[in-house]
Amino acid sequence: MRDFLAIVVIVLVVIGLGVFRVPNEDALVAAGIRAEAQGVLYQAKHPLSVAVERRAVTVSGRVESEAEAASVVASLRALQGVESVVSKLEILPAVDRFVLTMRREVSTGEIEAEGFVPNAQTRDAIGGTLGIEASQLTVATGVPDGNWSDVATRLAVALAGLDVSGVARLDGQTAVLSGTTTFPAQADAVRFKLGDIPEGYALETDIKALDDGLPYSFIFSRDPVMGVRFEAKTPPGFDWSAMPDLQEVFSRRSYEAAGNMDDGAFAQALTAVLPRIPALQSGAITVTPGLVTFNGVPVSDEQAGQIEALQDALPERWTMLAQLVPSDTGAPFWFEADWDGEILRTNGDVPAFFWGWFDVHEPDAAHPDPGETIAAKINRPVSVLDSTEIGSIPDMNDWADPVWTGLKALVTLREGQMRYDAEGVRLSGVAANPAARQAMRDALGDAGAADVLLADDGAPVAFTVSYDAATGAAITGKLPMDLNAQILAEALGLESMRGTPTVGPYGSGVEALNRLRALANVLPVIETATLEFAEGDLTLSATVTQGVTPEDVPLDAKVEQAAEPRLGTQRTHVLTGEAQVFTDGFWLPVVRPEVSASTCEKGMTSLPEVPFQEGSFALRYDAALALAPVAAFARACTWTGDLALTIDVQSIGTGFEALDKQRARRRAEAIRQALIKRGGDASRVAANGEAGPDSIGYRWE
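Below, the structure is looked at part by part. (Residues numbered from 1 in each chain as written. Predicted model: local features only at pLDDT ≥ 70, side-chain atom pairs only at ≥ 80, totals over all residues. Heavy atoms only, no water.)

**Considerations on unusual backbone geometry**
Next, step 1: Even without being glycine, Phe 353 reaches a positive phi, approximately 65°.
Next, step 2: Along the polypeptide, Phe 353 turns up in the loop between strand S17 (343-352) and helix H10 (370-378).
Next, step 3: The residue Asp 584 is not glycine, and still its phi comes out positive at about 55°.
Next, step 4: Tracing the chain through its elements places Asp 584 in the loop between strand S30 (579-583) and strand S31 (586-589). (Helix = DSSP H or I, 4+ residues; strand = E, 2+ residues; numbered from the N terminus.)

Below you can see the structure in the form of structure tokens.
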């Protein structure tokens with residue numbers, strides 16, 4: 001019984017506290033009305049809001065007419081459960097001419113917009129784009145079409161792209177944008193934003209740029225004819241004080257960009273370049289974004305070094321190209337050509353652009369072809385092998401004009417040579433016949449002198465080749481048809497041969513070439529030689545240098561000992577290029593060592609080995625050549641220093657050590673005697689021989 005009463009008490013308390021209270025019926029009805037109202041107003045042209053208190057509905061927002069307001073109220077009253085509707089609707093003004101005007105002045109920060117917009121979204125979008133409160137824009141009705149808001153918003157975006165100033169106006173379906181940007185690219189970008197406005201809209205733009213759109217640049221040139229030329233476009237406020245002497249001129253003849261176009265790299269590069277201008281006496285300097293170029297003639301090594309050091313002062317990732325021509329040596333120009341009837345070989349030191357002009361500023365520019373240039377000058381195709389050296393100074397005084405006249409005359413010959421230098425044009429050669437010689441004279445005119453023979457004067461073939469170790473080889477006379485001076489020189493092992501022989505229309509020089517090739521094999525020991533061809537007979541005679549026995553020379557010729565020149569006579573040997581002096585009956589190299597055991601020994605380490613006859617202790621016929629430098633050192637080191645020389649020779653091959661040692665001693669003694677004959681101090685030269693691998697050595701003590 002007591003438990004039942006407790007349960008009843010608990011139930012009564014819970015009921016009293018409202019735990020099982022039924023939800024408020026008015027709140028549920030209000031929520032339902034609000035949902036239905038929002039569904040009815042969903043497609044309204046302008047956003048509308050509703051508030052529901054019990055069964056009363058309050059609607060607020062913008063509508064475009066009284067009729068639209070009445071329709072909204074009627075729709076809400078028709079909803080189930082609605083007892084009353086309170087209208088707080090704002091009826092938008094109707095505008096006959098829908099105009100929007102926007103202005104922007106960046107320098108003062110002034111931005112404004114006035115006029116009408118069709119809805120709050122458009123107003124807020126324009127305000128956000130321009131960064132202003134757009135409350136002065138009136139939301140109104142009368143917009144031309146559904147594209148108007150998009151055009152207005154894009155016009156605001158375009159106006160924001162004018163970084164100096166601008167005015168945008170949308171009057172109905174006519175859009176007008178005018179204003180100023182810093183650079184043309186900005187103006188183009190603004191125009192692009194309005195490039196595809198909807199059909200039915202007209203667009204007018206008047207956008208100007210303060211800058212010409214060209215990149216920064218600096219161009220400076222100086223030459224003897226045109227003088228100094230200069231132009232530049234620099235960053236705003238560029239300081240020319242790095243070049244004080246020309247500061248006023250540079251600042252007056254340059255112009256500044258309307259705005260900054262880089263991070264200061266161009267100003268850094270130009271500031272580094274200006275002090276280098278005095279080093280360029282003739283040439284051009286350009287500075288463009290990322291690149292500096294120097295082109296100049298002539299430039300000393302010191303000036304070139306100053307210019308090339310500029311790379312380290314340039315901004316990172318900048319490049320410098322320097323095409324600098326060294327200073328002219330001052331040597332006179334000259335030109336020569338050799339014509340063999342088929343190929344024209346040219347040589348000389350000639351001015352810049354001798355073969356034609358090309359753009360020295362362009363690394364990949366094609367250089368003129370000498371053959372094409374000559375063909376154009378003489379009106380005849382010709383094969384050319386060119387070895388000319390092109391100078392750094394251009395032809396300012398028509399120096400080259402006589403060359404073309406001379407070449408035109410030269411190629412009328414069967415063969416010939418032309419030289420042009422300070423003495424003028426000189427031709428020599430052979431004409432095929434009198435008519436050809438006259439054609440040559442007509443082509444040459446008064447431009448030079450000529451000494452030209454006819455191809456055959458009727459005289460028999462007769463010629464003389466002479467050789468002298470001091471002066472080289474020369475040819476005189478009349479050669480058979482298959483010879484010329486170059487062929488003879490090559491047979492003798494020489495690069496060239498003096499002389500301008502005539503060439504007959506017949507005959508063979510095969511035998512003469514064979515004799516000269518045989519002579520070439522022993523030419524190092526020959527002092528003089530003469531090869532004569534006359535009346536069908538060929539004779540060869542020669543003299544050998546001192547220290548060589550004529551009978552030992554393997555040459556089919558009359559060989560004699562050369563006459564001794566006066567003591568102390570000096571010469572340069574044409575084969576070795578070695579300076580020699582005649583002393584104590586021999587030609588010896590001129591050596592002046594700093595006398596000491598080490599220097600004397602070092603000087604003899606690279607000398608050629610003295611040759612002996614096979615299996616013998618007798619010197620070979622050409623041993624005089626190897627003995628000469630050994631003797632030169634022996635004389636110098638034994639006479640001018642307190643030194644003694646020991647000749648160490650080893651020999652092997654007899655099969656008996658005693659015989660090998662004996663042959664080695666005799667070979668060492670043979671060298672010793674040869675050195676004494678050539679002026680070595682006998683008391684200071686010793687010979688030593690041992691059995692062992694063939695070798696010759698020299699010890700100084």
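Resuming the write-up.
**As for the sheet that holds strand S33 (residues 685-691)**
Next, step 1: The strand order across the open sheet formed by 3 strands is S33-S32-S34, and the pairing between neighbours is mixed. Single-partner strands in this sheet number two, and they are S33 and strand S34 (695-700). Strand-to-strand, the axes of this sheet are offset by a mean angle of 20°, without reference to chain direction.
Next, step 2: As judged from the 6 bridges shared by strand S32 (residues 645-651) and S34, these two strands associate in the antiparallel manner. Each residue of the ladder has a partner; that of Asp 648, found in S34, is Gly 697. (Pairing = 2+ DSSP bridges. Axes fitted to C-alpha atoms, helices over the stretch in contact; angles between N-to-C directions.)

**Observations concerning the pattern of salt bridges**
Next, step 1: Tallied over the full model, the rule gives 26 salt bridges.
Next, step 2: With a closest N to O distance of 2.5 Å, Asp 171 and Arg 97 form a salt bridge. With a gap of 74 residues between them, Asp 171 in strand S7 (residues 165-171) and Arg 97 in the loop between strand S3 (84-91) and strand S4 (99-105) connect regions that are remote in the sequence.
Next, step 3: Classification of Arg 97 as exposed rests on a relative accessible area of 53%.
Next, step 4: Of the charged contacts in the structure, one is a salt bridge between Arg 426 and Asp 421, with a shortest N-O distance of 2.9 Å.
Next, step 5: Taking the relative accessible area as the measure of exposure, Arg 426 reaches 29% and is therefore partly exposed. (Salt bridge = Lys/Arg side-chain N within 4 Å of Asp/Glu carboxyl O. Buried < 20%, exposed > 50% of the residue type's maximum accessible area, 1.4 Å probe, protein only.)

**Some points on the nonpolar core**
Next, step 1: Formed by 37 residues in total, the largest nonpolar core has its most connected members in Tyr 467, Leu 488, Leu 492, Leu 519 and Ile 526.
Next, step 2: Elements with a contribution of two residues or more to this core: strand S23 (462-468), strand S24 (472-479), helix H13 (485-491), helix H14 (510-522), strand S26 (526-534) and strand S27 (537-544).
Next, step 3: Here this core takes 5 residues from H14, the largest share from any one element. (Core = buried A, V, L, I, M, F, W, Y, C linked by side-chain atoms within 4.5 Å.)

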